[in-house]
Amino acid sequence: MDNNSSKPLYIITGATDAMGSVITQQLAEAGHPIVMACFDTAKSEAKAQELAIRTRNKDITSIYLDLGSFASVRTFVKQIKEMNRPVAVLVNNASYISHRSEISPDGYEKLVQVNFLSTALLSILIQPLMVEGGRIIFSTSLSSSPVSIPYEFPAVSNFMPIAAYAQSKLALSLFSIYLSTVLRNHRISVNSVDPGLVNLSKLGMNRFFSRFSFISNHTGNLESGAKAMMRAIGSADTGFIFKSGNKQIKASTLLRNREVFIKLCNDTMRVLNKQLKDPEEA
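Since this is a predicted model, take the numbers as computed values, not measurements.

*Asks:* Please explain the overall build of the protein as it appears in this structure.
*Replies:* A tally of regular secondary structure across the protein gives ten helices and eight strands. Considering only contacts within the protein whose residues lie at least 6 apart along the sequence, 72% involve residues at least 24 apart. Put simply, the protein shows about 12,700 Å² of open surface, and 48% of that area lies on carbon and sulfur atoms.

*Asks:* What exactly am I supposed to notice about the packing of helix α1 (residues 18–29) against helix α2 (residues 41–55) here?
*Replies:* Think of two packed helices as two axes; the pair is described by the angle between the axes and how far apart they sit. Interaxial distance between α1 and α2 falls to 10 Å at its minimum, and their mutual angle equals 40°. Looking at the two axes, α1 sits oblique to α2. For the pair α1 and α2, the crossing hand works out as right-handed. Within the contact between the two elements, α1 uses S21, T24, Q25, A28 and E29 and α2 uses K47, L51, R54 and T55. Taken together, the residues that form the contact of α1 with α2 break down as two nonpolar, four polar and three charged.

*Asks:* In this structure, what is going on with the packing of aromatic side chains? I would like to understand it.
*Replies:* Inspection of every chain in the model, using the stated rule, returns five aromatic pairs. Consider the rings of F70 and Y108, whose centres lie 6.0 Å apart with planes at 65°: the pair is edge-to-face. Of this pair, F70 sits in helix α3 (residues 70–82) while Y108 sits in the loop between β4 (87–92) and α4 (110–126), and the two are 38 residues apart along the sequence. According to the relative accessible area criterion, Y108 is partly exposed, its value standing at 21%. Ring plane angle 85° and centroid distance 6.0 Å describe the contact between F116 and F175, whose orientation is recorded as edge-to-face. Of this pair, F116 sits in helix α4 while F175 sits in helix α5 (residues 161–183), placing them 59 residues apart in sequence.

*Asks:* Looking at this structure, I do not really get the pattern of salt bridges. What am I missing?
*Replies:* Two side chains that carry opposite charge are able to pair once their charged atoms sit near each other. The tally for this structure, following the rule as stated, stands at eight salt bridges. Residues R187 and E132 are paired through a salt bridge, measuring 3.2 Å at the closest nitrogen-oxygen approach. Separated by 55 residues along the polypeptide, R187 in the loop between α5 and β6 (189–194) and E132 in strand β5 (residues 130–139) bring together distant segments of the chain. Of the two residues, R187 and E132, neither departs from the other in class, the shared state being exposed. With its nearest N and O atoms 3.1 Å apart, the salt bridge here joins D194 to K243. With D194 in strand β6 and K243 in strand β7 (residues 240–243), this residue pair connects regions lying 49 residues apart in the sequence. Taking the relative accessible area as the measure of exposure, D194 reaches 5% and is therefore buried. Through salt bridges with shared partners, a single ionic network connects K47, E50 and R54.

*Asks:* Looking at this structure, I do not really get unusual backbone geometry. What am I missing?
*Replies:* Negative phi characterises most residues that are not glycine, and trans characterises most peptide bonds. For the bond running from F153 to P154, omega is 15°, close enough to zero to count as cis. On the secondary structure map, P154 appears in the loop between β5 and α5. Although it is not a glycine, R56 sits at a positive phi angle of roughly 60°. Checked against the element boundaries, R56 lands in the loop between α2 and β3 (60–64).

*Asks:* Quick question: what am I supposed to make of the sheet that holds β3 here?
*Replies:* Within a sheet, each strand pairs with its neighbour through backbone hydrogen bonds, oriented either parallel or antiparallel. In spatial order, the strands read β3-β2-β1-β4-β5-β6-β7-β8; together these eight strands make up an open sheet with mixed pairing. Whereas interior strands pair on both sides, the edge strands pair on one side only; in this sheet they are β3 and β8 (248–250). When strand polarity is set aside, the average angle formed by the axes of neighbouring strands in this sheet is 20°. Summarising the sheet, β7 and β8 pair through three bridges and their orientation is antiparallel. Its bridge partner being in β8, F240 is matched across the sheet by K250. Set on the sheet, α2 makes contact with β2 (34–38) and β3; between it and β3 the angle comes to about 175°.

Conventions used here
Residues numbered from 1 in each chain as written. Predicted model: local features only at pLDDT ≥ 70, side-chain atom pairs only at ≥ 80, totals over all residues. Heavy atoms only, no water. Helix = DSSP H or I, 4+ residues; strand = E, 2+ residues; numbered from the N terminus. Contact = heavy atoms within 4.5 Å. Areas by Shrake-Rupley, 256 points an atom, 1.4 Å probe, with all protein chains shown as cover. Axes fitted to C-alpha atoms, helices over the stretch in contact; angles between N-to-C directions. Parallel < 35°, antiparallel > 145°, perpendicular 65-115°, else oblique. Left-handed = near helix turned anticlockwise from the far one by under 90°. Nonpolar A, V, L, I, M, F, W, Y, C, P; charged D, E, K, R; others polar. Phe/Tyr/Trp six-rings, centres within 6.5 Å; stacked < 30°, edge-to-face > 60°. Buried < 20%, exposed > 50% of the residue type's maximum accessible area, 1.4 Å probe, protein only. Salt bridge = Lys/Arg side-chain N within 4 Å of Asp/Glu carboxyl O. Pairing = 2+ DSSP bridges.

Okay, here's the thing in C-alpha cells:
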C-alpha cells in the first residue's frame, strides 16, 4: 500500500467474492485507494497484490474483518483510524448464509449478526471518519421479497435459512432509512443496492433457493449487480434502493408497518449502543 497517499479510502467488505471482487477491481482501475475488509486475509492479500500489478494502483490493502464478532468490527475500525486517512465510501457488500443455526460469540444468530447487526455497527463507527459527501452503501438483495420482520428480531426463534437471510436483508434495508435520516445533516449519503441474488454458487444453496419462485425472480448477474452498485457509489442521493436496469426507488417504499420499523430501529440501537461504548464498559 502507498502509505504516503492522503486520498480518502474506499472500504469494501467481502471484497474477494462474487460482486465484491468486481466492484473492487473497478474501483482499483479508477485509481481509488482501496481497503479490502475480509475474513479470509490470505485470499484478500493475494487479490490485493494481483490488483496492484494489474491496475498499477499501489494503494490497495487488506485488513482482517470478522463480521461475526463485534470485537472484530471495533478492532477493524481502530486500524482504519490508525491509518490517519479519511473515508470516502463504505461498501457493505459481505453476506452470509448457513444451512443451520449458528450462534455467534456475542450470542446472536450468526447469519443475522453478519448480515445486519455487525454491518450496521461498522457503518455507525466508520461514519465519523468520513469526508463530507461520503457514502455508506448496503447490499440488500431480496429487499422486496414477501417476508416480514418477526416480533423477536434480531433474535431468531425458529431458524430457517432462507427466511432468516431474507429477514436480515430486509432489516438492513429498513435500517438504511433510519440511518439516511440521521446522517442527512452530516452530509453522508446512505443507500442500498438490490442487485438480485447474484452469488448462488457462492452461497452453496442453488437447489434450495430454486424451490422459491420469488427468489428466482430476484436472481441477477454480476454485471448488472455491479452496475447498480457503481451507480450507488457515484450518487449523491440518499435514502434510495438502486436496482439493475438503471432503476432507483425510495427505500421508504418498504415501510409497510411503521410500528415494526420503529421497534426494529429501537431494538437495533439498543444492541449497538452497548458496542459504541468503551469496550471495558460494554
